[in-house]
Every structure is written in structure tokens, then in C-alpha cells.
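# Topology and contacts: notes
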Amino acid sequence: MNWISASKRILEDDTAFVYYSDYFDLPQDPALEGLGEDTSEEYEMLTLLSISKELSDKPVTCTVAADSGYVLWVNGRFIATGKFTDPFAGTLFDQADITEALQPGRNQVLFLVSGTKQDTANLAFEIKAEDELLLASSANTRYAMGAQYRSSAMLFDYNAMDSARLEWENATECEEIQSVTLRTQPQMNILPRCDEQICAQGVYLNADNETLSPALHMKRAYLAGLEIQEVCEDGFTFTAPEHIPGDGMYIILDLGAQENGYFDLEMEAPTGTVVEIAFGEHLDDLRVRTTPENQHSTAVYRCKGEKVEHFTYYHAPVSCRYIQLLISSKKFMLYYAGLLPCRLNSEPVGHFTCDDIMHRMIYQTALRTEVLCMREEIPVLLAATTMLDLRNQLLSLYYTYGAYHYGRTILRFLAKRLRSDGLLEKRSLTEPDKLLPEDTLIWIIAVYEYVLYSGDLALAEEVFPVMERILRTFWLSSRGQDVLQTWCGREYGNFFQWQGVEGKMGYDAPLTLFYIMALDGAANLAKWLNKTRKTEEDFDYREASAWYGMLCTSARDNFHKIFWSDELGCYGTYKVDDAFYHCGEAVQALAVCAGVVPETHVAIISDCLKSNACPEATWLPVNADTLIYKYEALLMSENAVTGILAHIQQHFGSMLLKGATTFWENADGKSGSRCYGSGAIPIIIYFRYLLGANPTQPGFADFAFTPKASGIHCEGVIPRPNEDKPLEIKISPEGFEVK
């Protein structure tokens, strides 16, 4: 098996993707159900596989890797979609069973591979019947360039009228594949079409004569709402009334709940009809909100005009509840516009229920939130997620789905992104030009928690050298003062909860607190790994554990005297030239959780957190990511659980009363995502503090049982991967039962 690629002239062309084939006959519908990404080039590869009847009883698999996304069809039947490799993690192959799609004789295998102007759409694949090689990528594969997908910042811009222009050439054969490493993370299941319902319809009129991007066009077009009976009598044939002027028709569809999946369209319309599409989470603007800055939530499909057209965008899932269509025709047939939901191929193994209706509803909604936030394409997940949010997601998933494999894949992926400066390469969509040093420390905390819940010491051993490098980097940056300073340089972001001291050198409280928790986690990991040490030549984890423990103790001892402000009556976020910048709930909560608050000041900090107030005008409340630390800090004191549960009911319950089907980043829903991973925080509270079981040894081999007396009858099941059966717990005001 060899890597193959298209000709280098692709880099100079404006065509959208490339077909590969070993003969000139074209596939039919599969080529039209292609997909793309917001990249400048798209490529499709086609080759033909001849398979005899004698092989029909053997399982046949396709092993494939691409340097970007790919989609696989066999004999016109969709098989799988996969995501790109990563330069830090190396090439990972997917393997799909294609047996059920095969037929005696000749079989068609079709790939669609996306690319950019920086590459030539490399692909490698092989087809095997058990151990017998049937086909592999090589120079015999031919390709043809098409123009269906146009270069765009949108989700996709697809022109079905350009699907027939194909000129065939031989593919370029590149280096041979020496070894194949299969991607081990569970893949997403693609489910049947979700239900959708039209909630608004009518005629639209262009706002002006200038050419607008679809995002602006959908924002500015005048909408004239009509009754469904005025435009559609049979449920799928739409006709605009002749007496109403307009440039086309609009339709808004409600999926009934927030959903994550692949966009699917089936319709009939005249040739050249332009369908502009917007995906959104709300209708607060009386239409789906679109902005030029968020063009990836818009798309365009141009109709070929031949009978029924079916298009599925398999390249990247969309997260939305509402879909808006602007259709530049006054008569068409719309059979379906919605999503094919995708879900992790797994069922919950942990369970929680209680006798409080609101908390049961919150639990079920949090469960749905964490599931919809899971992503198979790890680089996309990391770009769209903060490390704090990711840590919250993983912790809740360990309790509910026992999703250790998912956590392992993400944490291992990040470990391979270690940079020369000792930080992990982790950037967000909101700040793509900045690296946040605390993200690297939170990764260490997440690895410690992963091992605690999963018992996977093999991963700890694998990534421990990365931890060593990171912690040494931060230790050196402390300059012997045990607390950390802000990182200097344009590439580094020194802000916490969007407050910072850019360009100023000073002490950084949140960074120091994450450093303390990372040291504590690393010391415990080293202690556990030392038990696996077999010879004196093996790495001395005992020495590492003692070293990290000493650094942790020293940093804890020095934190209070540097960051405490008598004037503020709390800890400052940053200290520059003896002046404090910012203060807020998150730093106080982190200080309690990190164990740095002296006994003499615990009550003061607790009062600050309970009252959500401080004399300082710049006092910042916790955000969605850091809310868990406030909860856990307060739960360290007696009789706090009732107040925490009341806050959960008020904060998360208010979203349910507003119609939320997943939890939002902000309770008012006016900004941020309406499906945010930290919305799963109630799950952590329910399992950790109501059921009360917390692991103290890797894999839940041992645990502390300290349920909080809440007055609620609750019961649940907690997975224990190193044990034969899970924990079953029942809690009531009268007592408890554990088995």
C-alpha cells in the first residue's frame, strides 16, 4: 500500500475536488453525494475492485487514511466517514467492514478526500478479504478534477450542475506505507434522519442589489411570513403566491431539540436554484442568526435540476436545533432538510436517579449535553473547547459512559503535541494566535483523573516523560520562588476568565493554582507507577514522586503570603509590582480546592463564595467552566449541599424552563454556545456528592464513601473498570446501601 496524491497542478487550480478511477465509466449518485470542508480544494478518489464469488463469504475490510477528511462508499452505499491525521500524532488508519455492500463480480469503491492548498490530498487504502489483498492504492488509480465544491469559508458551497466535467489522469504514487496503526477510539454511529417540523415559511425579498455573502443575505433579506396552507398543500410542494412580490421562498425547520449530525437534503427544484442554508441554536432574531464572522454556520447548495436531488454533507457534523433555507425559486418540492444524528457507539454504564423531578430532568439534560459535545474528530474538538471545559466533560463521561477510551485518545493525542517551549500545542477558535499556559497544566490534572477512574497506568507511564518536561519548564519559570509568573511573549495569553495583564510581568494566581494541582497529580501518578517498577534500571518514580510532592508543598506554603490582599479581603488574580489586578470567585474556589487557604482564612473565603460579593469592583463571578470549582470548594464545608442543589435547580433549571434541550454556556442564552460541555457539571455533583463514592486508587480499586446528607432519595450505579461489577448505591434520609 502506497500513499497516492493528485497532480501538483491541483495547487494552482480553482477546482473543488478530484475523482480517482481505473476506468472511464463514472459512478452515479455517490459522486453527487460528496462533501467538503471550508477548505480551498476538495478531492474525490474512485477505483474499481473486482471480487470473485468465491470471496463472498469472507469478511472484507477497507483500511484507509487520508491527510484530511474522507468519505467512503461501496457500490453507491455509504460506509463510513473519517477525519484527518495529525502531524503531531502521526498517521492513524481507520478500518471499515464493507462486506454487506459487496456484490459478486465488479465492485465500485469510492472515496472523497478533502484537501487544502498546502497539500495534494494524500490517500492510502487497501481492501482485504481476511488476509488476502484485493486492492491497494497505487499509481494505477486514476483521478479527474471537478468543480462541485467552491472555495469558501462556509461549511460548504456545492454546485450540483458541475458534477459531470471529468478529465482523467494517473495518480501520483508517493512513499510506501511501512506499518499501519489503527485508530482505536470508538467511532460515531450515524443514525436515521431526525424528525423535523416546519415552524415558519413565506416569501423573501432581497434587501438591496449588491452581492452579499450568504451570511449577510440571510441576515438582511426581508421575510414575509405566510400560513403553511398559503404556500404548501401536500406537505412537500411549495408554491409562492403570485400576488406577493419576492425573490424566492424561505423555510425554517425545527428539529425539536438540539442535535448533532450530518446535513441531509432531498428536493426537486429548477436548474440553477440556489439554496442558502443556515444552522442555528435559537430563533431570538425571528430567524436563524448569521454573521460574517460565523460563516461556518452557513452553506450553499445549487440545484442541478434533474428529478429528485439527494445531497448529504458527511465531511463534518453540524450542531443546531434550527435550519433556515432561502430558496431562489417560487416553486419546488422539499422532501427533507435536516440532520443524520451521530452518536458515540456506546451505551451508559453509570446511572443516577432521585425522587426530585427537577434534578431528574437536569440529569437527563446534562447527559444529553455531554453526548452531543463528544467529537470523533479530536483536533476539531480541541479547537472548539477550553481545557477546563474538556476536563469537566471527561470527568462526567467516566461516571456515565465509562468513556475511558475516549479520554485516553484525547489525552494521548495532546501528549504528542509537546512543543520546544514545554507547552502543549492547544489553541482555541476564539484565540487562535494565543497559547494559554494553564491549558498544559490542566492536561496533567486530566491525566491524573483519567488514571484514577480508569486504572490505565500504561498511559501514565507513556506520557510521564511529557509531564516531566512540562513540570520542569514551569519550575524553572518560577525562578525559585515556588509561585509562577505570567508568560512573556506575543504567542502566550495571560488571561483568566477573559481578564488578564497582557504585556506585564507579574505573579499569576490561577496559573500557580493549576501548577499546584498538577504537581499533586504527578506525585500521585509517580507513586502508583513506582509499584510497577521491576528492576533498579527502571525509571525511579519514587524519587520523582518525592520531588513533585516537595515542590507542591512549597508552592502551597508560599501562595497565601504572595496573593492574599488584606485590602481586598480575598486573593488577587494577578500581582504586578505589589499591585493586584482583578479578583473573583474562580481564584478563591481554586485556592480552596488546591489546599492553599490557611485555616484562619477558610471562613472568609467561604463567605465570599456564598455571598458572591467582594468590596472590589472588578470581582468576577465564575463562568461555566469554573462553576465546578465553586461547588466543590463550598462542599468542603458542612451543610453546604442544600444550597448547592438549590443553585443547580435555579441555574440549570432556569434553562429548562426556557425550553433548553441541552445546557447553555450562559444561563440567559444570549451569548455563547447552547450546547456546552460544562453543562454536564451537575452529573459530577450528583455522583461525587449525593451518591458519595470517589476513587482513591487507580480504576476505583478503592474509594472513599462520603455522601452528603441532602434529604433526597437517590440511587445509582458507578462503573469500576478494575472490578467485576459496578458500585450500586442507594441513599435516603434513613440510611444507605452499597453493594
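What this report covers is the structure whose coordinates are included nearby. Computed from a predicted structure; not experimentally measured. (Residues numbered from 1 in each chain as written. Predicted model: local features only at pLDDT ≥ 70, side-chain atom pairs only at ≥ 80, totals over all residues. Heavy atoms only, no water.)

### Details of the pairing of strand 36 (residues 714-718)
Heads up, the rule is: Classification of residues uses two cut-offs on accessible area relative to the type maximum, computed with a 1.4 Å probe and protein chains only: under 20% is buried, over 50% is exposed, and between them is partly exposed. Going along the chain from the N terminus, every DSSP run of H or I of four or more residues is numbered as a helix, and every run of E of two or more is numbered as a strand. When DSSP finds two or more bridges between a pair of strands, those strands are recorded as paired.
Here strand 36 shows one buried face, formed by C714, G716 and I718, and one open face, formed by E715 and V717. Taken together, the four bridges between strand 24 (residues 351-354) and strand 36 define a ladder with antiparallel strand orientation. Counterpart to F352 in the pairing with strand 36 is G716. As paired strands, strand 36 and strand 37 (residues 727-732) are joined by five bridges and run antiparallel to one another. Each bridged residue has a counterpart across the sheet, and for I718 the counterpart in strand 37 is L727.

### Focus: the sheet that holds strand 30 (residues 574-576)
Strands pair in a sheet through their backbones, by hydrogen bonds, and they do so in one of two ways: parallel or antiparallel. Strand order in the open sheet formed by three strands is 27-30-31, and the pairing between neighbours is antiparallel. In this open sheet, the two strands that pair with only one neighbour each are strand 27 (507-508) and strand 31 (579-581). Here strand 27 runs beside strand 30; their pairing, made up of two bridges, is antiparallel. Paired with D508 across the two strands is Y574, which belongs to strand 30.

### A closer look at the pattern of salt bridges
Condition: For this document, the term salt bridge refers to a Lys or Arg side-chain nitrogen within 4 Å of an Asp or Glu carboxyl oxygen.
All chains considered together, the criterion is met by 18 salt bridges. Between R321 and D254 there is a salt bridge, with the nearest N and O atoms lying 3.0 Å from each other. With R321 in strand 22 (residues 309-327) and D254 in strand 19 (residues 248-268), this residue pair connects regions lying 67 residues apart in the sequence. Residue R321 is classed as buried on the basis of its relative accessible area, which comes to 17%.

### Let's talk about unusual backbone geometry
Phi angles above zero are rare outside glycine, and N75 is one such case at about 50°. Positionally, N75 belongs in the loop between strand 5 (70-74) and strand 6 (77-82). Exposure remark for N75: the relative accessible area of 23% places this residue in the partly exposed category. Backbone geometry at D482 places phi at a positive 70°, although glycine is not the residue there. Residue position: D482 is located in the loop between helix 9 (457-477) and strand 25 (495-496).

### A word on the packing of helix 6 (residues 387-400) against helix 7 (residues 404-415)
Heads up, the rule is: All axes here are fitted lines through C-alpha atoms, helices being fitted over the stretch that makes contact, and every angle between N-to-C directions spans 0 to 180 degrees. In what follows, roughly perpendicular refers to angles from 65 to 115 degrees, roughly parallel to angles under 35, roughly antiparallel to angles over 145, and oblique to any angle outside these ranges. By convention, the crossing between two helices is left-handed when the near helix turns anticlockwise from the far helix through less than a right angle, and right-handed when the turn is clockwise. Residue contacts are counted whenever heavy atoms from the two residues lie within 4.5 Å of one another. Any residue that is not Ala, Val, Leu, Ile, Met, Phe, Trp, Tyr, Cys, Pro, Asp, Glu, Lys or Arg is counted as polar, Gly included; the first ten are nonpolar and the last four charged.
Taken N-terminus to C-terminus, the directions of helix 6 and helix 7 make an angle of 150°; their axes are 9 Å apart at the nearest point. By the angle between their axes, helix 6 is roughly antiparallel relative to helix 7. As helix 6 packs across helix 7, the resulting crossing turns out to be left-handed. Counting all contacts with helix 6, which are made through M387, L390, L394, L397 and Y398, the residues of helix 7 involved are Y404, Y406, G407, I410, L411 and L414. Partitioned by chemical class, the residues of the contact of helix 6 with helix 7 number ten nonpolar, one polar and no charged.

### Some thoughts on the packing of aromatic side chains
Defined as follows: Between rings of Phe, Tyr and Trp, where Trp is taken as its six-membered ring, a pair exists when centres lie within 6.5 Å; planes separated by under 30 degrees are stacked, by over 60 edge-to-face, and by other angles tilted.
Scanning all chains against the criterion turns up 40 aromatic pairs. Their ring planes at 15° and their centres at 5.7 Å tell us that Y448 and W528 sit as a pair that is stacked. Remark: W528 occurs in helix 10 (residues 509-530) and Y448 occurs in helix 8 (residues 437-454); sequence separation between them is 80 residues. As far as the burial class goes, Y448 and W528 line up, both buried.

### Description of the nonpolar core
Threshold: Residues enter a nonpolar core if they are buried and are Ala, Val, Leu, Ile, Met, Phe, Trp, Tyr or Cys, with the set joined through side-chain atoms within 4.5 Å.
Of all hydrophobic cores here, the largest spans 140 residues; its most connected members are L441 and W443. For this core, the leading source of residues is helix 10, giving 15 residues. Apart from the residues lying within four places of it in its own chain, the contact partners of W443 are M387, L411, L414, A415, L424, V463, V466, M467 and I470. Judged by nonpolar contacts, the second largest core, of 40 residues, contains M249, L255, A269 and F332.

### Regarding helix 8
Here is the rule: What a helix is expected to span follows from its residue count: subtract one and scale by 1.5 Å.
Helix length check: helix 8, at 18 residues, gives a terminal C-alpha distance of 26 Å against a target of 26 Å (1.5 Å per residue), a fit within 8%. Burial analysis of helix 8 places 18 of its 18 residues in the buried class, the great majority of the element. A positive backbone phi angle near 80° is found at G455, which sits one or two residues after helix 8.

### Details of the pairing of strand 9 (residues 123-129)
Taking burial as the measure, the seven residues of strand 9 include six buried ones, the bulk of the element. Bridging between strand 4 (residues 60-66) and strand 9 involves seven bridges; their strand directions are antiparallel. By the bridge assignment, T61 is partnered in strand 9 with K128. Pairing between strand 9 and strand 10 (residues 132-136): four bridges, direction antiparallel.

### Section: the packing of helix 8 against helix 9
It is the contact of helix 8 with helix 9, at a shortest axis distance of 11 Å, that shows an interaxial angle of 150°. It follows that helix 8 is roughly antiparallel to helix 9 by the angle criterion. Helix 9 is crossed by helix 8, and the crossing has left-handed handedness. Contact with helix 8, carried on its side by P437, T440, L441, W443, I444, V447, Y450 and V451, involves L457, L459, A460, V463, V466, M467, I470, L471 and F474 of helix 9 and no other residues of that element. Each residue belonging to the contact of helix 8 with helix 9 can be placed in one class, and the counts come to 16 nonpolar, one polar and no charged.

Distances and angles like these do not, on their own, reveal function.
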